Amino acid sequence: MNALLHADGVTIKFGGLVAVNNVSFDIRPKEIIGLIGPNGAGKTTLFSMLVGLYRPTSGQIHFDGQRIDGKRPHLIARRGMTKTFQNTALFPEMSLLENVTTAALMRHKLGPARELAEQCLDKVGLLGVAHEDVDDLTFPQRALGEVARALATEPRILLLDEVMAALTPLEMDSVIATLKALRDKEDLTLIVVEHHMRAIMRLSERLLVLNFGSLIADGTPQDVASNPDVIAAYLGGSHAQHT
Amino acid sequence: MKRSLLLILILAVAALALGQMLDPRGYNVRVLCLVLLAASLGQCWNIVGGLANQISLGHAAFFGIGAYTSTVLQTLGGITPWIGMPVGMLFAMTAALLLSLPTMRLKGPYFALATLAFGEACRILATAFPGITGGPQGISVPFVGNSWAMMQFRGAGNYVYLFTGLFVVVSVVFACLSHGRMGYLMRAVRENEEAAEVAGVNTLKVKLMGSLISAALTAATGTLFAQFTFFFDPESVFSASGISIRAALIAIVGGVGTLAGPIIGALIVVPLEELLSTYLSSKAAGIAPFTFGLILIAIVLLRPRGLITLFRNRRPSGART
Amino acid sequence: MTALLQTLTDGLLIGGVYGVIAVGLSLVFGVLKIVNFAQAEFLMIGMYVAWFCWSYLGLDPIFGAFVALAAGFLIGAACQRLLVQHVIHAPPVAQIFLTVGLLAVLENGALMLFGSEFRSVQTPYQTAALEIGQLFISMPYLIAFVAAVTISLGLWLVLAHTWIGRAIRATSQNAQAARLFGIDTRVIYAIAFGLGTGLTAFGGGIILSYSAVSPTAGTQFVVLMFTVVVLGGLGSVLGALVGGLIVGVIQSLSTLVMPIQLQNLALFVVFITFLAFRPQGLLGKGAR
């Protein structure tokens, strides 16, 4: 199979709550996948499982042909998959550059790591504020800073969790262009969680839709937009929950 | 890094100079030695508590292991503490490794609890084998007079070299860990473990390294303590309040996570202790730890959120180089 | 076989008391979400209060224990209101060192006030024992156990059937919701803390008939208390009581296979094991 990322029946339960329910999908190299769904649908939880922060209760995750479910996050990062955090999780008492350098240290010594960090910041347009303390950055800057930090691990799959949350439409367009360029030039595969429909529709080639932890649609933006289950999920139709 | 090494050099020279100027058998030299010892202990704790934010309340375990190992090897086999010390350090590292297996994933108070219990367990072990350790009565370092080979001297004067050396070693290690590659990794682990993991940092390995290094150096401090005081018992070297908490206190008072913090802390804590016991000798028992308990409470109350920023506010010296 | 039964019985009797000593810790954690490192010092305070009641008033330690309960409650509530309240929302580091500082203050305060010598009581039943077949049930143990059971029932009644008890349970489940219902959580925190320390102090009083008191009496129980509570589940009152029984039995049984000084070592192994593999204990709610 030429899927870079293969999820098979991935399920996770917290006590009695099933947060992600029997989710299966394949992701091919250089795809840009949008992951959407109402709040609480399990998107961030799914991301957490993909990078190793949680171990699925059942099911398997394969990355580049090798099983990774349950492995520790730094090992998965080493293999080439990492994520950004929804409300940003930059290291508070470091500067932006130091944050990104830390991630670059995974594969490089200190000198080259710092250079790589500067390059990553440049790619997202933050080189100018590299030496600022994280506390002094705006929220959009922090979100992009996380992207830069994630890029510094030189990933093959990048999971982006609402990095465009606080952007103006113009800024959003710019980020979308940046992400597409990254995908084109860096052999990157992206899975993006966003709530802005316009952004996600423009960015994604394919959409995965989660509702109550289950995958209810998997297709092109056009197909998904006209899918009755998806419409019901967002508009709360009298549709029964899928199991 | 260069600034840190310079600072260490200055402190070392100051200590040695002071040692030369003071009467080698006098009281003040003794205080100087105690300050250096306390600063070293605090610096050892600083490595895990300050750099990695692992609040340990069980450092007494490693301290006692160091003290007992080198002393028992002397009493049973006549082996010089210069060999006994590295053996003690090895034992302490093993103990730290064993302890970290079940506790590495514990957070905050639970980790602290586990370390506290571990210190207690070591104390129990020491009292339970009187044949080897002398039991609750304690154990004495065999007195041979002035001898560099056996690491002991009559007057406190020569100990200044020893303790200054210890402090320099521990501080240099601290500086190495807070700069460069290790510095980045430790700070990341301290500030957000989850994010660090996802960013490729092997957080368990980083924490373990800090723990092993700290344990080994604490054991070395224990050995030197034994050689200085000649007599000790399980109550004193495995004491939670006398060693473990005191180590944390010294680092915190002076500025946690900073290179100079422990020496500042020691310069405050040790003379205060001596003062309290000299002037209040009738009620001496307990007045010092009582006061320090109050100081600890005061520090926490004055800056409860600030205790963390006290932890983080001063970046490990020169971390930006 | 009789030896086994004897140790088992002794273990259960002592364990019941351990449960009461430790239940306060669980209560404090359950309601305030704080690990109180100074909890064991209230045991020592309770012992001294009961001792002074015996020494100056001729009160049997069991009755003195009730005085200790009141004293422990008042001192604890005061500590909470004046000190602990300020770190309720602070990082764990601050909470750890505040209660650790309190530990040092209380222990050494006692040392300065009372000196380091051991004090004990003499009661008429101190050496008496009940004989059931081959079993010797020591009177002090039995009486302490009965007192422990009584106060546990009292606690259960308070928590289950009084308004205060319900307020405490509500606050421990969801402090914000409790506030919305008009419960002044700051008062509840002080009461719950005081109740916890009071119970531990009561435990000190009832063990006085077979344990001597000194300023370090508390620290000897620290690991034990935490083992009980981690075993039973931090935050679970029933868990603490059950954990106490189990710990008492483990401690007692371990004397059959190892020298008495090492009996707490067995506890330590249990403690670490549970912390590592089942931090929520047998009955508790989230412990991480």
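Sequence order as written defines the numbering, with residues in each chain counted from 1. Chains carry letters from A onward and ligands carry numbers from 1 onward, assigned in written order. The model is predicted, so local features are restricted to residues of pLDDT at least 70 and side-chain atom pairs to those at 80 or more, both for listing and for counting; the totals for chains, interfaces and linings are taken over all residues.

Draft legend 1. Layout of the overall build of chain C. Broken down by element type, chain C carries 11 helices and two strands. Taken over C-alpha atoms, the radius of gyration comes to 18 Å for chain C, in line with the 19 Å a tight globule of 288 residues would show. For chain C, the spread of C-alpha atoms along the three principal axes comes to 60 × 45 × 35 Å. Neighbour density around each residue's C-beta defines its exposure: 20 or more other C-beta atoms within 10 Å make it buried, 12 or fewer make it exposed, and counts between make it partly exposed, where C-beta atoms are placed from the backbone. Looking at chain C residue by residue over its 288 residues, the buried ones come to 57%. We call two residues in contact when their backbone-placed C-beta atoms lie within 7 Å. Once local pairs closer than 6 in sequence are excluded, the contacts in chain C between residues at least 24 apart make up 78%. Labels follow the DSSP assignment, with helices taken as runs of H or I lasting at least four residues and strands as runs of E lasting at least two, numbered in each case from the N terminus. Radius of gyration: over C-alpha atoms. The globule rule applied is 2.2 Å multiplied by the number of residues raised to the 0.38 power.

Draft legend 2. Just the overall build of chain B, in detail. If you tally the helices and strands in chain B, you get 15 helices and two strands. Relative to the compact-globule value of 20 Å for 321 residues, chain B shows a C-alpha radius of gyration of 19 Å, a close match. A principal-axis box enclosing the C-alpha atoms of chain B has dimensions of 55 × 40 × 40 Å. With 321 residues in all, chain B has 58% of them scored as buried. When contacts within chain B are restricted to residue pairs at least 6 apart in sequence, those whose partners lie at least 24 apart make up 76%.

Draft legend 3. Spotlight on the interface of chain B and chain A. Counting residues at the interface gives 18 residues for chain B, matched by 24 residues for chain A. Counting residues per element, the side of chain B that touches chain A draws most heavily on helix α8 (residues 180-191) of chain B, at seven residues. Ten residues, namely Ala, Val, Leu, Ile, Met, Phe, Trp, Tyr, Cys and Pro, are considered nonpolar, four, namely Asp, Glu, Lys and Arg, are considered charged, and the remaining ones, Gly among them, are considered polar. Considered class by class, the residues forming the side of chain B that touches chain A number seven nonpolar, four polar and seven charged.

Draft legend 4. Broad picture of the packing of helix α3 (residues 59-77) of chain B against helix α5 (residues 108-128) of chain B. Residue and element names in this part refer to chain B. Think of each axis as a best-fit line through the C-alpha atoms, taken over the contacting stretch in the case of a helix, with angles from 0 to 180 degrees between the N-to-C directions. Axis separation between α3 and α5 bottoms out at 8 Å; the angle between their running directions is 30°. Our classification of the angle between α3 and α5 gives roughly parallel. Residues A60, A61, G64, I65 and Y68 of α3 form the contact with α5, whose participating residues are F118, G119, C122 and A126. Split by residue class, the contact of α3 with α5 holds seven nonpolar, two polar and no charged. Should an angle lie under 35 degrees it is considered roughly parallel, over 145 roughly antiparallel, and from 65 to 115 roughly perpendicular; all remaining angles are considered oblique.

Draft legend 5. Molecular detail of the sheet that holds strand β1 (residues 5-14) of chain A. All names here are of chain A. Pairing between two strands requires that DSSP report at least two bridges joining them. With antiparallel pairing, four strands are arranged side by side in an open sheet as β2-β1-β4-β5. The open sheet has two edge strands with one neighbour each: β2 (17-27) and β5 (66-67). Sheet topology places β1 next to strand β4 (residues 58-63); five bridges connect them, and they run antiparallel. Within β4, the residue paired with D8 across the bridge is Q60. With respect to the sheet, helix α1 (residues 43-51) is in contact with β1, β2 and β4, its orientation differing from that of β2 by roughly 65°.

Draft legend 6. Layout of the pairing of strand β2 (residues 135-138) of chain C. All names here are of chain C. Across four bridges, strand β1 (residues 129-132) lies against β2 in antiparallel orientation. Bridging across to β2, I132 finds its partner in L135. Once β1 ends, the chain turns through two residues before running back antiparallel as β2, passing G133 with a positive phi of about 65°.

Draft legend 7. Up close: the interface of chain C and chain B. Facing 39 residues of chain C, the contacting portion of chain B comprises 39 residues. Only α4 (92-114), α9 (219-232) and α11 (263-277) of chain C provide two or more residues apiece to the side of chain C that touches chain B. For the side of chain C that touches chain B, the element with the highest residue contribution is α4 of chain C, accounting for 16 residues.

Draft legend 8. Focus on unusual backbone geometry. One non-glycine residue with positive phi stands out, namely E154 of chain A, at about 50°. Its place among the elements puts E154 of chain A in the loop between α5 (139-151) and β7 (157-161).

Draft legend 9. Here's a closer look at helix α4 (residues 110-123) of chain A. Residue and element names in this part refer to chain A. By this rule, a helix spans an expected 1.5 Å times one less than how many residues it contains. Here α4 contains 14 residues, and its C-alpha end-to-end distance of 20 Å stays within 8% of the 20 Å for a straight helix at 1.5 Å per residue. Within α4, the full set of buried residues consists of A113, L116, A117, C120 and L121. Within α4, the buried residues cover an arc of 140° as seen down the axis, which keeps them to one side. Facing away from the buried side of α4, by more than 90 degrees, are the exposed residues G111, P112 and E115. Contacts from the buried residues of α4 go to α3 (96-104) and α5. G125 sits one or two residues past α4 and shows a positive phi near 80°. By construction, the arc corresponds to the directions joining the helix axis to the C-beta atoms.

Draft legend 10. Highlighting the sheet that holds β7 of chain A. All names here are of chain A. Taken together, the six strands give an open sheet; going across it, the order is β6-β7-β8-β3-β9-β10, and neighbouring strands pair in mixed fashion. Two strands bound the open sheet, and with one partner strand each, they are β6 (81-83) and β10 (214-219). Here the average twist between neighbouring strands, direction ignored, is 15°. Taken together, the five bridges between strand β9 (residues 206-211) and β10 define a ladder with antiparallel strand orientation. Bridge pairing in β10 places L208 opposite D218.

Draft legend 11. Representation of the pairing of β1 of chain A in the model. Residue and element names in this part refer to chain A. Across seven bridges, β1 lies against β2 in antiparallel orientation. Across the sheet, residue I12 finds its bridge partner in β2, namely V20. Once β1 ends, the chain turns through two residues before running back antiparallel as β2, passing G15 with a positive phi of about 65°.

Draft legend 12. Up close: the environment of Q126 of chain C. Residues and elements named next belong to chain C. Checked against the element boundaries, Q126 lands in the loop between α4 and β1. For the pair Q126 and R278, spaced 152 residues apart in sequence, the C-alpha separation works out to 39 Å. Each residue touching Q126, except ones within four places of it in the same chain, is listed here: P140 and S209.

Draft legend 13. Layout of the nonpolar core. By convention in this section, buried Ala, Val, Leu, Ile, Met, Phe, Trp, Tyr and Cys residues joined through C-beta atoms within 7 Å make up a nonpolar core. By size, the foremost hydrophobic cluster in this structure holds 291 residues, and its most contacted members are C33 and A117 of chain B together with A192, M225 and F271 of chain C. For the domains described, the bounds stem from an automatic or database domain assignment. Counting residues domain by domain, this core receives three or more from each of domain 1 (5-80 + 155-235) and domain 2 (91-153) of chain A.

Draft legend 14. Broad picture of the arrangement of the chains. Contact analysis covers two pairs of chains in contact, and the most contacts occur between chains B and C. Separating chain A from chain C is a minimum C-alpha gap of 11 Å, and the two share no contact.

Draft legend 15. Quick look at the environment of G232 of chain C. Residue and element names in this part refer to chain C. Mapped onto the fold, G232 is located in helix α9. By C-beta crowding, G232 is classed as buried, having 29 other C-beta atoms within 10 Å. Sequence separation between G232 and V242 is 10 residues, and the spatial gap between their C-alpha atoms is 6.3 Å.

Draft legend 16. Seen up close, the environment of T75 of chain B. All names here are of chain B. Mapped onto the secondary structure, T75 falls in helix α3. Residue T75 is classed as partly exposed on the basis of its C-beta count, with 15 C-beta atoms lying within 10 Å. In this structure the C-alpha to C-alpha distance between T75 and M182, which are 107 residues apart in sequence, comes to 40 Å. Ignoring any residue separated from it by four or fewer positions in sequence, one finds T75 in contact with I139 and P142.

Draft legend 17. Spotlight on the confidence of the model for chain B. The predicted model of chain B averages 85 in pLDDT, with 93% of residues at 70 or higher. A low-confidence stretch, residues 304-321 of chain B stays under pLDDT 50, and its non-local contacts, those more than four residues away or across chains, total 43 contacts. pLDDT measures the predictor's confidence residue by residue and takes values from 0 up to 100.

Draft legend 18. Structural view of the confidence of the model for chain C. Looking at chain C as a whole, its pLDDT mean stands at 86, while 98% of the residues score no less than 70. If you check the scores for this complex, the pTM reads 0.85 and the ipTM reads 0.88.

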